[in-house]
Amino acid sequence: MAALVIAEHDNASIRGATLNTVTAAIACGGDVHVLVAGHNAGPAAAAAAQIAGVTKVLHADAPGLDHGLAENVAAQVLAVAADYSHLLFPATAAGKNVAPRVAALLDVAQISDATKVLSPDTFERPIYAGNAIATVQALDAVKVITVRTTGFDAAAATGGSAAVEVIAAVADAGSSSFLGSEIAKSDRPELTAAKIIVSGGRALGSSDQFNAVLTPLADKLGAALGASRAAVDAGYAPNDWQVGQTGKIVAPSLYIAAGISGAIQHLAGMKDSKVIVAINKDPEAPIFSVADYGLVADLFTAVPELVDSL
Amino acid sequence: MKVLVPVKRVVDYNVKVRVKSDGTGVDIANVKMSMNPFDEIAVEEAVRLKEKGVVTEIVAVSCGITQCQETLRAAMAIGADRAILVETSEELQPLAVAKLLKALVDKEQPQLVILGKQAIDDDCNQTGQMLAALAGLPQATFASKVELGGSAGEGHAHVTREVDGGLETLKVRLPAVITTDLRLNEPRYMTLPNIMKAKKKPMEVIKPSDLGVDVTPRIKTLKVSEPPKRGAGVKVPDVATLVAKLKNEAKVI
């Protein structure tokens, strides 16, 4: 019995979500191998070999694997799947895109967003936007799992010394191609990996005010910026900042919610944060029901004051 | 061009579900049911493509109990032309639904299947990708923009996708499967005349066995429980107190 973790990477390095997925794989019992499927991804494969607890790295390299196209990555996973009892993907946009293709072609069910491994075939996962937790048993021989990264600690990125085995890359399916991307370049920490997140809601009123008020606080704290769905829908913040059931699921040490009322769908994305601070002028806002520290105040005065006193 | 739009009947997104005291599931008796919001976006997108003259026929499909007919009528009120219900009272999991849809894709031969990226009840985010894999089709998930191009027989779609860190654009050969994200469009309201018209549109009802699909669940739900409660903390009177608490009590800054 062995588990295969499908690494999330940018060819040059391994993304943090992979480390949490390794921890989930270790909990399934047995050896843990990592698949790095990419193009010129040698550095990523070498980094994967350093992860504590990983005993082997499979490295498949081809132009068709460059941008994580689901058709090609799924085929690459299937090419080695026979050796594994568990196939684990981080529950990120990339992992969610590929995992169900693999499960369907193996004719097995998929466990989505596992937050706990109770035994090699039994898992916990949130349903109904986190309003209920289901304990589920996978009856198929092979378990295909996407791992909610906030449910598992990150494995140490160094300390391991796994062998890297180069495997044959699958042929490009040719049915889809990558045209381009608009990925925001930022010096800030990645939202899902940040220790501190400053998040804003519709109360910010505009994109300009969102940046003018929250950026100084995020800069001061070295924090990532997040937003509620209402703020994103209103165009105050880019879509990839959205925290919530249908956006990013985060669990930082400190989450500061400014002008966020606290819709169920938002709470589902951040309620596992260690410490939650809510700043809102409505004392009845639902966000206060999950906040460790609530400040009933106008964010336009309170946030600058907070910046000054840090 | 024909488009297939699978839709799911789910607990309305405004309802806060309660876990049953015996831990067997959530209580959905006497709860308002609606079309999965992501699927509603999918229907709207198909209708917009039809209004642009790119699409000629929209077939809505649902799998589940008799009451799913209401969901299909709603899809037809938004603008779908006809509907197919694969009726069963068995529990349907994503793999089974994908197999049913695959059989319908074989039968109907659509150029495009467009459906929600996930259902808001089981939050699985699997069906579209599974269908694409089983039908041997390319996929473009989490779409925030869809443009169809090319010529008959050689069509393609340019799809902008919401990914971690921003957006990316893929070109997929048709036929293909597209799953919708929140910002693809804002579905229109159903008007009374369109609701009346939808009642007269054709609806075919078939069984999973008619499609030769075994829908036996592969995942067993052992228990459903309440999530751990997070207690409300304290209200602080001013920013100075807040900073002091974060420094000395929570020790997070």
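Criteria and thresholds
- Residues numbered from 1 in each chain as written.
- Chains lettered and ligands numbered in written order.
- Predicted model: local features only at pLDDT ≥ 70, side-chain atom pairs only at ≥ 80, totals over all residues.
- Helix = DSSP H or I, 4+ residues; strand = E, 2+ residues; numbered from the N terminus.
- Buried ≥ 20, exposed ≤ 12 C-beta atoms within 10 Å, placed from the backbone.
- Contact = placed C-beta atoms within 7 Å.
- Rg over C-alpha atoms; globule rule 2.2 N^0.38 Å.
- Core = buried A, V, L, I, M, F, W, Y, C linked by C-beta atoms within 7 Å.
- Pairing = 2+ DSSP bridges.
- Axes fitted to C-alpha atoms, helices over the stretch in contact; angles between N-to-C directions.
- Nonpolar A, V, L, I, M, F, W, Y, C, P; charged D, E, K, R; others polar.
- Expected span 1.5 Å × (residues − 1).
- Parallel < 35°, antiparallel > 145°, perpendicular 65-115°, else oblique.
- Left-handed = near helix turned anticlockwise from the far one by under 90°.

Okay, the overall build of chain B next. A tally of helices and strands in chain B yields 6 helices and 13 strands. Overall, the C-alpha framework of chain B stretches about 65 × 45 × 40 Å when taken along its three principal axes. Taking all 253 residues of chain B together, the buried fraction comes to 48%. A separation threshold of at least 6 residues defines the contact pool for chain B, and within that pool the share at least 24 residues apart is 68%.

Turning our attention to the overall build of chain A. Check the secondary structure of chain A and you find 8 helices and 16 strands. The C-alpha atoms of chain A give a radius of gyration of 20 Å, which matches the 19 Å a tight globule of 310 residues would have. Considered along the principal axes of its C-alpha atoms, chain A spans approximately 60 × 40 × 40 Å. A total of 310 residues make up chain A; the buried ones form 61% of that total. Within chain A, residue pairs in contact and separated by at least 24 positions form 65% of the contacts whose partners lie at least 6 positions apart.

This part is about the nonpolar core. One finds Ala48 and Val277 of chain A together with Val5, Ala60 and Ala75 of chain B to be the most contacted residues of the largest nonpolar core, which totals 199 residues. Once residues lying within four places of it in the same chain are set aside, the contact partners of Ala48 of chain A are Ala7, Ile14, Val34, Val36, Val54 and Val57 of chain A.

Once that is clear, we can look at the sheet that holds strand β8 (residues 156–163) of chain B. Across the sheet, which stays open at both edges, the 10 strands sit in the order β11(A)-β9(B)-β8(B)-β7(B)-β10(B)-β6(B)-β1(B)-β4(B)-β5(B)-β11(B) with mixed pairing between neighbours. The open sheet has two edge strands, β11 (176–183) of chain A together with β11 (203–206) of chain B, and neither has a second partner. Sheet twist, expressed as the mean angle between neighbouring strand axes with direction ignored, is 25°. For strand β1 (residues 2–6) of chain B and strand β6 (residues 112–116) of chain B, the ladder comprises 2 bridges, and the chain directions are parallel. Of the residues in β6 of chain B, the one forming a bridge with Val3 of chain B is Leu112 of chain B. Taken strand by strand, helix α4 (residues 127–135) of chain B contacts β6, β7 (139–149) and β10 (176–180) of chain B, and its axis lies near 65° from that of β7 of chain B.

Another aspect to go through is the interface of chain B and chain A. At the interface, 62 residues of chain B touch 68 residues of chain A. For the side of chain B that touches chain A, the secondary-structure elements that each account for two or more residues are α3 (94–108), α4, β7, β8, β9 (166–173), β12 (219–225), β13 (234–235) and α6 (239–249) of chain B. If one sorts the elements of the side of chain B that touches chain A by residue count, β9 of chain B sits on top with 8 residues. Partitioning the side of chain B that touches chain A into residue classes produces 32 nonpolar, 13 polar and 17 charged. With 7 bridges joining them, β11 of chain A and β9 of chain B adopt antiparallel strand pairing. For Ser181 of chain A, the partnering residue across the bridge sits in β9 of chain B and is Glu168 of chain B.

Attention now moves to helix α3 (residues 70–80) of chain A. Among the 11 residues in α3 of chain A, 8 count as buried, and that is most of the element. Within the span of α3 of chain A, buried status applies to Ala70, Glu71, Asn72, Val73, Ala74, Ala75, Gln76 and Val77 of chain A.

This brings us to helix α1 (residues 37–51) of chain B. All names here are of chain B. With 15 residues, α1 ought to run about 21 Å at 1.5 Å a step, and its terminal C-alpha atoms sit 21 Å apart, in line with that. The buried fraction of α1 amounts to 11 of the 15 residues, a majority that puts the element mostly inside the structure. Among all positions in α1, only Phe38, Asp39, Glu40, Ile41, Ala42, Val43, Glu44, Glu45, Ala46, Val47 and Leu49 are buried. Residue Gly53 follows α1 closely and has a positive phi angle near 90°.

Residues and elements named next belong to chain B. Where helix α2 (residues 68–78) contacts helix α5 (residues 192–199), the two axes come as close as 8 Å, and the packing angle between them is 125°. Classified by the angle their axes make, α2 and α5 are oblique. Pair α2 / α5 crosses with right-handed handedness. Contacts between α2 and α5 pair Arg73, Met76 and Ala77 from the former with Asn194, Ile195, Ala198 and Lys199 from the latter. Residues of the contact of α2 with α5, tallied by class, amount to 4 nonpolar, 1 polar and 2 charged.

The next point concerns the sheet that holds β13 of chain B. Strand order across the open sheet formed by 6 strands is β13(A)-β12(A)-β14(A)-β15(A)-β16(A)-β13(B), with parallel pairing between neighbours. In this open sheet, the two edge strands, each paired with only one partner strand, are β13 (224–227) of chain A together with β13 of chain B. Strands in contact with helix α8 (residues 299–309) of chain A are β14 (254–258), β15 (275–280) and β16 (293–296) of chain A; relative to β15 of chain A, the strand with the most contacts, it is inclined by about 135°.

All names here are of chain A. Take Val243: it is sitting in the loop between α6 (229–233) and β14. Under the C-beta neighbour-count criterion, Val243 is labelled buried, with 29 such atoms within 10 Å. C-alpha separation for the pair Val243 and Lys116, spaced 127 residues apart in sequence, amounts to 21 Å. In this structure, Val243 is in contact with Ser199, Gly226, Ala227, Lys248, Val250, His266, Gly269 and Met270, ignoring residues within four places of it in sequence.

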